[in-house]
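Residue-level structural notes
Spelled out from the first residue to the last, the chains are:
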Amino acid sequence: MPELPEVEVTRRGLLAPLSGRTVVRVSWSAHRLRGPIPRKLLQEHIAAQQIRTIDRRAKYLLLRMVNGAVLVIHLGMTGKLGLIQGQTTLHKHDHLVLHLDNGLDVRFNDSRRFGSIVVWPPDHAAQLEADFSRKEGLEPFGPAFIADNLLALARGRRVAVKSLLMNSRLIAGIGNIYANEILFAARIAPQQPAHLLTEKEWGRIIQESRRILQLAIDAGGSSISDFLGVSGHPGYFQLQLAVYGRKDAPCPRCGQAILKTIQGGRATYHCPGCQPHVE
DNA sequence: CAATATACCTGGATGC
DNA sequence: TGCATCCAGGTATATT
């Protein structure tokens with residue numbers, strides 16, 4: 001579910017309510033997520049500790065504790081973080097609860113359990129973060145997200161430009177919904193081999209990436225099936241989607257029918273009129 | 001190395 | 001109503 005905008009909306013929703021709060025207790029479900037829940041590390045380094053701030057890298061949230069530990073949370077496909085009164089009954093698929101010193105809970109709910117929870121202990125946090133960050137791609141809002149760098153990344157890669165955009169080791173935060181939308185806005189066919197794109201075309205991808213991701217953040221994210229912000233409110237960017245999920249509907253720009261294809265195993269939407277495939 | 005397939009899960013939509 | 005089937009926003013790992 002959550003791509004960069006949804007993760008960022010979650011971060012912004014949690015930042016003020018959590019900054020300076022103390023996690024008095026941590027509890028968890030019996031299930032594993034993508035990996036096992038690190039019970040011991042949660043107990044040792046997160047319980048009874050104060051939260052300093054929350055950052056985002058790629059689609060990961062980094063809850064930084066005053067003691068130097070970092071709680072790393074990935075929402076997977078169906079993960080949500082909610083802020084709720086502590087006495088509320090646990091819901092199905094609640095897998096982690098941070099009990100705060102003001103009686104509120106932060107609850108991580110994830111039905112498909114594709115999310116992940118990792119703790120970096122204070123002693124090793126800097127090294128672990130450096131190792132982690134090196135494996136993640138360019139941040140779309142970062143200073144290195146420039147045409148020269150994308151041109152270099154694409155050099156020699158015959159893979160479709162959409163697959164390159166979604167490759168998290170190369171570019172961070174862009175998943176299937178926003179890859180489709182960005183390429184539509186940039187008027188580039190998703191199946192275009194990446195190495196054929198010009199510097200000018202990469203420039204359009206950069207500009208449209210930033211514009212669309214920012215619009216989506218401002219709209220509270222996209223609630224396609226079940227994304228909710230921390231207060232339980234949905235996002236509204238799905239109402240502005242031009243191509244994603246709109247097979248056979250008229251293109252908002254030229255009126256031609258939107259095509260749905262499968263590319264790299266993922267549903268791909270584009271307008272054959274506005275995004276011509278050039279060989 | 002690059003590209004594709006598969007596995008991890010539940011639940012909602014769809015079709016019979 | 002029930003049941004089978006397909007599909008879903010991500011990513012790590014295996015396979016070609």
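Thresholds applied
- Per chain, residue numbering runs from 1 following the sequence as it is written.
- Starting at A for chains and at 1 for ligands, labels are handed out in the order in which the entities are written.
- Local features are withheld for residues below a pLDDT of 70 in this predicted model, meaning they are given only at 70 or higher, and side-chain atom pairs are given and counted only at 80 or more; totals for whole chains, interfaces and linings count all residues.
- The side-chain values count all of the structure's non-hydrogen atoms but skip hydrogen atoms and water molecules.
- Where helices and strands are cited, they refer to DSSP runs of H or I of at least four residues and of E of at least two residues respectively, numbered from the N terminus.
- Atoms counted for the radius of gyration: C-alpha only. Globule rule: 2.2 Å times residue count to the power 0.38.
- Whether two residues are in contact is decided by their heavy atoms, any of which lying within 4.5 Å being enough.
- Asp and Glu are treated as the negative residues and Lys and Arg as the positive ones, with His and the ends of the chain left uncounted.
- A single reference atom marks each charge: NZ on Lys, CZ on Arg, CG on Asp, CD on Glu.
- Near, as used in this document, describes a residue that has one of its heavy atoms within 4 Å of the molecule or strand being considered.
- Nitrogen and oxygen atoms within 3.5 Å of one another constitute a polar contact, given that in protein one can donate a hydrogen and the other can accept it, and given that sequence-neighbouring residues count only through two side-chain atoms.
- Residues are grouped as follows: Ala, Val, Leu, Ile, Met, Phe, Trp, Tyr, Cys and Pro are nonpolar; Asp, Glu, Lys and Arg are charged; every other residue, Gly included, is polar.
- Note on patches: the residues involved have over 30% relative accessible area and no salt bridge, like charges join within 9 Å, and the nonpolar side chains Val, Leu, Ile, Met, Phe, Trp and Tyr join within 5 Å.
- Values of accessible area rely on a 1.4 Å probe in the Shrake-Rupley scheme; residue burial ignores everything except the protein chains shown.
- Salt bridge, as used here, is a side-chain nitrogen of Lys or Arg placed within 4 Å of a carboxyl oxygen of Asp or Glu.
- Residue ranges labeled as domains rest on an automatic or database domain assignment.
- When two parts are put together, the accessible area they lose, computed with a 1.4 Å probe and summed over both, is reported as buried area.
- Among the buried residues, those of types Ala, Val, Leu, Ile, Met, Phe, Trp, Tyr and Cys that are joined through side-chain atoms within 4.5 Å form a nonpolar core.
- Any residue under 20% of the maximum accessible area for its type is buried, any over 50% is exposed, and the rest in between are partly exposed; the area is computed with a 1.4 Å probe on protein chains only.
- Note on pairing: two strands pair once DSSP finds at least 2 bridges between them.
- In this analysis an axis means a line fitted to C-alpha atoms, helices contributing only their contacting stretch, and an angle means the value between N-to-C directions, from 0 to 180 degrees.
- UniProt positions are given in the numbering used here, feature names are shortened, and annotations may be inferred rather than shown by experiment.

The next subject is the overall build of chain A. Within chain A, the regular secondary structure consists of seven helices and ten strands. Relative to the 2.2 N^0.38 estimate, which gives 19 Å for 279 residues, the radius of gyration of chain A is 20 Å and therefore close to what a compact globule would have. With respect to the principal axes defined by its C-alpha atoms, chain A has extents near 60 × 35 × 30 Å. Partitioning the contacts of chain A with sequence separation of at least 6, the portion at a separation of at least 24 is 63%. Computed over 35 positive and 23 negative side-chain charges, the inter-centroid distance for chain A is 4 Å.

Attention now moves to the protein's contact with DNA strand B. Neighbouring residues of DNA strand B: Arg34, Lys92, His93, Ser111, Arg112, Arg113, Phe114, Arg157, Arg158 and Val159. Taking all atoms of DNA strand B within 4 Å of the protein, the share assigned to sugar and phosphate is 54%. At 3.4 Å, a side-chain N or O of Lys92 approaches a phosphate oxygen of DNA strand B. Within the contact set of DNA strand B, a phosphate oxygen lies 2.9 Å away from a backbone nitrogen or oxygen of Arg158. Counted by class, the surface near DNA strand B contains two nonpolar, two polar and six charged residues.

It is worth spelling out a positive patch on the surface at this point. Taken together, the side chains of Arg187, Lys200, Arg204 and Arg253 make up a positively charged region of the molecular surface. Here Arg253 is to be found in the loop between α7 (199-218) and β9 (259-263).

Moving on, we come to the domain arrangement of chain A. Splitting chain A by domain gives domain 1 (4-135) and domain 2 (147-270). Averaged C-alpha coordinates put domain 1 and domain 2 at centres separated by 28 Å. Between domain 1 and domain 2 the total buried area reaches about 1,500 Å² when both faces are included, carbon and sulfur atoms providing 65% of it. Taken together, the links from domain 1 to domain 2 amount to zero salt bridges. On the surface where domain 1 and domain 2 come into contact, there are four residue pairs in polar contact (both at pLDDT 80 or more). For the side of domain 1 that touches domain 2, the secondary-structure elements that each account for two or more residues are α1 (4-18) and β5 (79-85). In terms of residue count, the dominant contributor to the side of domain 1 that touches domain 2 is α1 (nine residues). A per-class count over the side of domain 1 that touches domain 2 returns seven nonpolar, four polar and seven charged.

The next thing to look at is the nonpolar core. Membership of the largest hydrophobic core comes to 34 residues, with the highest contact counts inside it found for Ile171, Tyr178, Trp202 and Ile205. At the level of secondary structure, the elements contributing two or more residues to this core comprise α1, α4 (147-154), α5 (161-166), α6 (176-185) and α7. Per element, the largest residue contribution to this core is seven residues, and it comes from α7. With residues up to four places along the chain from it excluded, the contact list for Tyr178 reads Glu3, Pro5, Glu6, Ile212, Leu213, Ala216, Gly221, Ser222 and Phe237. Membership of the second largest hydrophobic core comes to 28 residues, among which are Leu18, Leu63, Ala69 and Val230.

The next subject is the sheet that holds strand β3 (residues 60-65). The sheet built from eight strands is open, its strands ordered β5-β7-β6-β1-β2-β3-β4-β8 with antiparallel pairing. The sheet is open, and its two edges are formed by β5 and β8 (116-120), each paired on a single side. Each strand axis lies, on average, 30° off the axis of its neighbour in the sheet, ignoring direction. Here strand β1 (residues 22-28) runs beside strand β2 (residues 49-57); their pairing, made up of two bridges, is antiparallel.

If you check UniProt for "domain: Formamidopyrimidine-DNA glycosylase catalytic" (unreviewed entry), the listed places come out as residues 2-115 in our numbering. Secondary structure across residues 2-115 comprises 19% helix and 42% strand; the distance between its end C-alpha atoms is 10 Å.

For Ala58, which is not glycine, the phi torsion reads 55° and is therefore positive. Within the element layout of this structure, Ala58 appears in the loop between β2 and β3. Although it is not a glycine, His93 adopts a positive phi angle of roughly 75°. Along the chain, the position of His93 falls in the loop between β5 and β6 (94-100).

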